[in-house]
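These are the residues of each chain, in order.
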Amino acid sequence: MQQAAPQSFDRVLSSMCTRPHPTARDAAERFLATNPGDPDTYRTVADLETRVIAGLGELTGLADPQGYVASGGTEANVQAVRAARNRADAVTPNVVVPESVHFSFQKAAEVLDVSLRTVPVDADRRADPDAMADRIDADTVLVVGVAGTTEYGRVDPIPALADLAADADARFHVDAAWGGFVLPFTDHDWHFSDAHVDTMAIDPHKFGQAAVPAGGFLAREAATLDALAVETPYLESTSQATLTGTRSGAGVASAAAALDALWPEGYRETYERAQSNAAWIADELDARGFDVVDPVLPLVAVDLPGHLFDALTERGWRLSRTARGELRLVCMPHVTRETLREFVRDLDACRDAH
Ligand SMILES: *Cc1c(COP(=O)(O)O)cnc(C)c1O
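All of the points below concern the structure found in this document. Everything numeric here is computed off the predicted structure, so don't read it as measured data.

Calculation rules
Residues numbered from 1 in each chain as written. Predicted model: local features only at pLDDT ≥ 70, side-chain atom pairs only at ≥ 80, totals over all residues. Heavy atoms only, no water. Phe/Tyr/Trp six-rings, centres within 6.5 Å; stacked < 30°, edge-to-face > 60°. Helix = DSSP H or I, 4+ residues; strand = E, 2+ residues; numbered from the N terminus. Buried < 20%, exposed > 50% of the residue type's maximum accessible area, 1.4 Å probe, protein only. Expected span 1.5 Å × (residues − 1). Contact = heavy atoms within 4.5 Å. Patch = residues over 30% accessible without salt bridge, like charges linked within 9 Å, V, L, I, M, F, W, Y side chains within 5 Å. Areas by Shrake-Rupley, 256 points an atom, 1.4 Å probe, with all protein chains shown as cover. Salt bridge = Lys/Arg side-chain N within 4 Å of Asp/Glu carboxyl O. Lys, Arg positive; Asp, Glu negative; His and termini not counted. Charge placed at Lys NZ, Arg CZ, Asp CG, Glu CD. Disulfide = S-S within 2.5 Å. Near = heavy atom within 4 Å. Polar contact = N/O pair within 3.5 Å; in protein donor to acceptor, adjacent residues only side chain to side chain.

1. Quick word on the packing of aromatic side chains
One pair of aromatic rings is described through two measures. These are the centre distance and the angle between the planes.
Piece 1. Inspection of the entire model under this criterion finds six aromatic pairs.
Piece 2. Ring centres 5.5 Å apart and planes at 50° place the aromatic pair W178 and F207 in the tilted group. Here W178, found in the loop between β5 (171–175) and β6 (199–201), pairs with F207, found in the loop between β6 and β7 (215–219); they are 29 residues apart in sequence, far enough to count as distant. F207 carries the same exposure label as W178, and that label is buried.

2. Here we look at helix α8 (residues 249–262)
Note: α-helices contain 3.6 residues per turn, so residues at a spacing of three or four share the same orientation.
Piece 1. Taking 1.5 Å of rise per residue, the 14 residues of α8 would be expected to cover 20 Å, and the 20 Å separating its terminal C-alpha atoms lies within 8% of that figure.
Piece 2. The element α8 is extensively covered by neighbouring structure, given that twelve of its 14 residues are classed as buried.
Piece 3. Among the residues of α8, those classed as buried are G249, A250, G251, V252, A253, S254, A255, A256, A257, A258, L259 and L262.
Piece 4. As for α8, its buried residues are in contact with α1 (22–30), α2 (43–59), β1 (66–70) and α9 (265–287).

3. With respect to a negative patch on the surface
Piece 1. Together, D283, D286, D291 and D303 make up a negatively charged patch on the protein surface.
Piece 2. Counting through the fold element by element, D291 comes out in strand β10 (residues 291–293).

4. What about the state of the cysteines?
By definition, a disulfide links the sulfur atoms of two cysteine residues through a covalent bond.
Piece 1. Inspection of every chain in the model, using the stated rule, returns zero disulfides.
Piece 2. No disulfide involves C17; its sulfur sits 15 Å from that of C331, the nearest cysteine.
Piece 3. By relative accessible area, C17 is classed as partly exposed at 22%.
Piece 4. With no disulfide of its own, C350 lies 19 Å from the sulfur of C331, the closest cysteine sulfur.
Piece 5. You can call C350 buried: its relative accessible area is 7%.

5. Comments concerning the site of the ligand
Piece 1. Around the ligand, the structure places 14 residues, and the nearest of them are T74, D175, D203, H205 and K206.
Piece 2. Between the ligand and the protein, one listed contact pairs an oxygen atom with a backbone N or O atom of G73 at 2.9 Å.
Piece 3. In the model, an oxygen atom of the ligand is placed 2.6 Å from a nitrogen or oxygen of the T74 side chain.
Piece 4. Coverage of the ligand by the protein chains reaches 86% of its 380 Å² of free accessible surface.
Piece 5. Examining the composition of the shell around the ligand, we find that three residues originate from one element, helix α3 (residues 73–87), more than from any other.

6. Some details on the pattern of salt bridges
Piece 1. Across all of its chains, the model carries 17 salt bridges by this definition.
Piece 2. Here D346 makes a salt bridge to R11, at a shortest N to O gap of 3.0 Å. With D346 in helix α11 (residues 337–353) and R11 in the segment before α1, this residue pair connects regions lying 335 residues apart in the sequence.
Piece 3. Residue D346 is classed as buried on the basis of its relative accessible area, which comes to 11%.
Piece 4. Across the pair E338 and R345 runs a salt bridge whose closest N-O atoms are separated by 3.1 Å.
Piece 5. On the basis of relative accessible area, E338 is assigned to the partly exposed category, the value being 42%.

Written as structure tokens, this is what we have:
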């Protein structure tokens, strides 16, 4: 039987993941058979995890960071909700989020039995602090801001949202799962030293160029991890704060290798290239008369007729849509200017054919 091969990244414009950095791929392969969920047995990978968390702390402006390498942004978001719920004493806890949050918060709310209060965003698709304030009450355990929204790449007003949470005695979580590795090179306020952020999701397996699965869950206080810890009778280590038990050391080692290879200059170059590609494709689409949502981060949304979406998919492009139906082009590191030129050539051909 022939060996199966994964798809190529050549025409992938829909994914928030990317081709791993070569040293990150090597590290993932070397550490496949390790389990950081059992740190006393698998000590080398446990040390690498400590290094990753230190690296993520540096990247997000947090001295003495607490946290671990999660399976992804979903787990980090679920854990943020769980920690906030466990640390509060609300009888009917609620979490206040902008409507632009990732769907993982719906999973968190359902699994943890908290109610999710979803608040409309402003005209630029960012969280609206006044509207959020109206929905916060004494049972609010967590307020969430997004630094790099999944659909439009928007960055919420993090300091204003942090103030709302503080006024209500609630915790504050920033979801930077996708944006966290590009935001350090922008002038947005988004991280731990810009505002009182309690927890953050930041995924090495997206713009961090690590292999899947490598998510990041960061916390300012050790008490947050304590609120997640359960006792672990059959392991030498005495407690575990992760949601998963056995987990892949591949992601941990891969994230450590990617950070070693790329932070900060490699990530800066990646960001600059991705952002300039996003600006370029936005201009090309705009020049053709399409309605383009300007790219704040390397993600372009554009109102493209359905028949063109389908025709481009036929030609092998991997595309995705926002909830409102716009085409979303995610300019990840594997998306080169040449890829985008080819995309535009195909788009023009599809328009001519119609
Ligand atoms: C991708 C993403 C997530 C979910 O992360 P996974 O790694 O897919 O679990 C959460 N939040 C945001 C903003 C994302 O872009």
